[in-house]
Amino acid sequence: MTDTTLLRASGVCKRYGSGDGLVRAVDGVDLEVAPGETLSIMGPSGCGKSTLLHILGGLDRPSDGQVWLAGNRLDKMGERGLARLRRDAVGFVFQAFHLMDELTAIENVELPALLAGHSPRAARRRATELLDQTGLADRAKFLPTALSGGQRQRVAIARALANEPLVVLADEPTGNLDSEATLDVLRLFDSLHQTGQTLIIVTHNSRIAATADRLISMRDGVFVDQTRLTGGSTGSLGALAGLEG
Amino acid sequence: MRQEIVLAMLAKEPSHGYELRARLGQALGPLGDDMNAGQIYVTLARLEKAGLVTCERSAGLADRPDRKVYELTAAGQQRVAGWLAEVSWPRPDLAEFHLKLVAAAAGKLADPLAIVDAQRRELLRRLSEAQRAAIAEPAASTAGLLLEGIVLRLQADLRWLEACERNWTGRKESKQ
């Protein structure tokens, strides 16, 4: 592994079942992600992208292949080590938010820091900062049920950042959001990108996917195409709107 | 740019050329950046010749073009009204791409799926660019709405490419 790689997967496979019922959800994936890079993985539902994301974040183990995160080999790691690594080094964002409904926004955000052994004061300070950064300072004391979908997702993103993770993994982060809330989440991801946060987004929404530096298309468990998006397109923006000259 | 757009920008009140440019710039945001300023004056001169606008020099000022104030004539107002009532919509050029895939497959000239992939990469780069510009616009920006239109159109085109991909994958598999 080179110094410029934060996350590396090599020959990763995930199989379910056997014989005629064998499903190859992920079928031999190689991937390297540089620190500060934003990557999207796009593909139809059932293409294996969520399974792959879970493997990259240590939520699931590959049937075959290796996964390295910042020098740690995840696929061979014990349960306790893996749990610690997930808590300290990975931030997860899910389609269905997965907030604790009985905790307020700020309590949800500070929870990972408390679990990591930070003092309540330090955890609260960090959570306050993060809610401020996600534009939710005035919603800190609200229960998730009193928040809109977009606000809940922003709380979930703040929570994912609580322990300053090496990488944020987002699984269909805007799947449950309307276009206005989607744009808010996009702005937030964009500002994270600007601060150098490494981010991997799995989505079937081309709009979310297009915010990344690099986009991978996945089909039937394999990568079928890769595009670098930062190079710019051939025409001008004006031409796209029908303006000429 | 269509003459009618320049005319319509004058409908609010008699204006200097630079005021027209500012109005267009505000409505277009980053899309107006490569707008050719000289073209507005050329268009205004044509409109004047056609009797759709009149032009008066502000008194006591030098004969610089920006000192001219343009105003719609009755005919100009009628033209603007007609333009607003006109139901026009740009025609998307889908048939050409569709026929490209058909021809590539029929003549075994190229893999239709490779053509779809190349097209998708280009559209995604455009989407990425439009998306970045949209994020950079403040929430209340008028130009943001235009960028949103570009984004939504590109998303629709990308969905169509998905349908093309399914179709040509299916045909390839059924032949094997």
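Given the structure is predicted, the values throughout are model-derived calculations rather than measurements.

Please provide a residue-by-residue account of the overall build of chain A, values included.
Along the backbone of chain A there are 8 helices and 10 strands. In terms of overall dimensions, chain A is globule-like: its C-alpha atoms have a radius of gyration of 19 Å, near the 18 Å expected for 245 residues. Across its three principal directions, the C-alpha atoms of chain A cover 60 × 50 × 40 Å. By residue count, 43% of the 245 residues in chain A fall in the buried class. Contacts in chain A between residues at least 24 apart in sequence constitute 68% of all its contacts with a sequence separation of at least 6.

Residue-level account of the nonpolar core, with values.
As a rule of thumb, nonpolar side chains are buried together in soluble globular proteins. One finds Leu56(A), Val109(A), Leu169(A), Ile200(A) and Ala130(B) to be the most contacted residues of the largest nonpolar core, which totals 79 residues. When residues of this core are assigned to their parent elements, the largest contribution, 7 residues, is made by helix 7 (residues 142-175) of chain B. Leave out the neighbours within four places in its chain, and Leu56(A) touches Leu7(A), Ala9(A), Val67(A), Leu169(A) and Ile200(A). Counting 11 residues, the second-largest nonpolar core is a separate cluster that includes Met9(B), Leu44(B), Leu52(B) and Val53(B).

Any details on the interface of chain B and chain A? Residues and values, ideally.
Opposite the 25 residues of chain B that make contact, chain A presents 23 residues. Here the side of chain B that touches chain A is built from residues that sort into 13 nonpolar, 5 polar and 7 charged.

Outline the sheet that holds strand 3 (residues 68-72) of chain B, listing residues and values.
Sheet strands line up and pair through hydrogen bonds in the backbone, either parallel or antiparallel. Residue and element names in this part refer to chain B. Pairing in this open sheet of 3 strands is antiparallel, and the strands run 1-3-2 from one edge to the other. The open sheet is flanked by strand 1 (15-16) and strand 2 (53-57), the only strands paired with a single partner. Across 2 bridges, strand 1 lies against strand 3 in antiparallel orientation. Opposite Ser 15, over in strand 3, you have Tyr 70 as the bridge partner.

Go over the domain arrangement of chain B, please, and point to the residues and values.
All names here are of chain B. When its domains are assigned, chain B resolves into domain 1 (3-85) and domain 2 (94-175). Relative to domain 2, the C-alpha centre of domain 1 lies at a distance of 36 Å. In this complex, domain 1 contributes 6 residues to the contact, which on the side of domain 2 involves 6 residues. Along the lines of polarity and charge, the residues of the side of domain 1 that touches domain 2 split into 4 nonpolar, 2 polar and no charged.

Just give me the short version of the sheet that holds strand 9 (residues 214-219) of chain A, but keep the residues and values in it.
Residue and element names in this part refer to chain A. Read from one edge to the other, the open sheet built from 6 strands follows the order 6-7-8-3-9-10, with strand pairing classed as mixed. Among the strands making up the open sheet, the edge pair consists of strand 6 (90-93) and strand 10 (222-228). With strand direction ignored, the average angle separating the axes of adjacent strands in the sheet is 20°. Pairing of strand 9 with strand 10 involves 6 bridges; the strand directions are antiparallel. Residue pairing for strand 10: Ile 216 is matched across the bridge by Gln 226. Helix 1 (residues 49-56) contacts strand 3 (38-42), strand 7 (167-171), strand 8 (198-203) and strand 9 of the sheet and is inclined by roughly 155° relative to strand 8.

Let's hear about helix 4 (residues 120-133) of chain A: which residues, and what values?
Residue and element names in this part refer to chain A. Taking 1.5 Å as the rise per residue, helix 4 with 14 residues should run 20 Å; its terminal C-alpha atoms sit 20 Å apart, in good agreement. Looking at the buried residues of helix 4, the elements they touch are helix 3 (105-115) and helix 5 (149-160). Once helix 4 finishes, Gly 135 follows within two positions and takes phi at roughly 75°, a positive value.

Which residues make up the environment of Ala137(A), and what are the values?
All names here are of chain A. Here Ala 137 shows up in the loop between helix 4 and helix 5. When the C-alpha positions of Ala 137 and Asp 220 are compared, they lie 42 Å apart, and in sequence the two are 83 residues distant. Once residues lying within four places of it in the same chain are set aside, the contact partners of Ala 137 are Leu 131 and Asp 132.

About the criteria used
Residues numbered from 1 in each chain as written. Chains lettered and ligands numbered in written order. Predicted model: local features only at pLDDT ≥ 70, side-chain atom pairs only at ≥ 80, totals over all residues. Helix = DSSP H or I, 4+ residues; strand = E, 2+ residues; numbered from the N terminus. Rg over C-alpha atoms; globule rule 2.2 N^0.38 Å. Buried ≥ 20, exposed ≤ 12 C-beta atoms within 10 Å, placed from the backbone. Contact = placed C-beta atoms within 7 Å. Core = buried A, V, L, I, M, F, W, Y, C linked by C-beta atoms within 7 Å. Nonpolar A, V, L, I, M, F, W, Y, C, P; charged D, E, K, R; others polar. Pairing = 2+ DSSP bridges. Domains from an automatic or database assignment. Axes fitted to C-alpha atoms, helices over the stretch in contact; angles between N-to-C directions. Expected span 1.5 Å × (residues − 1).

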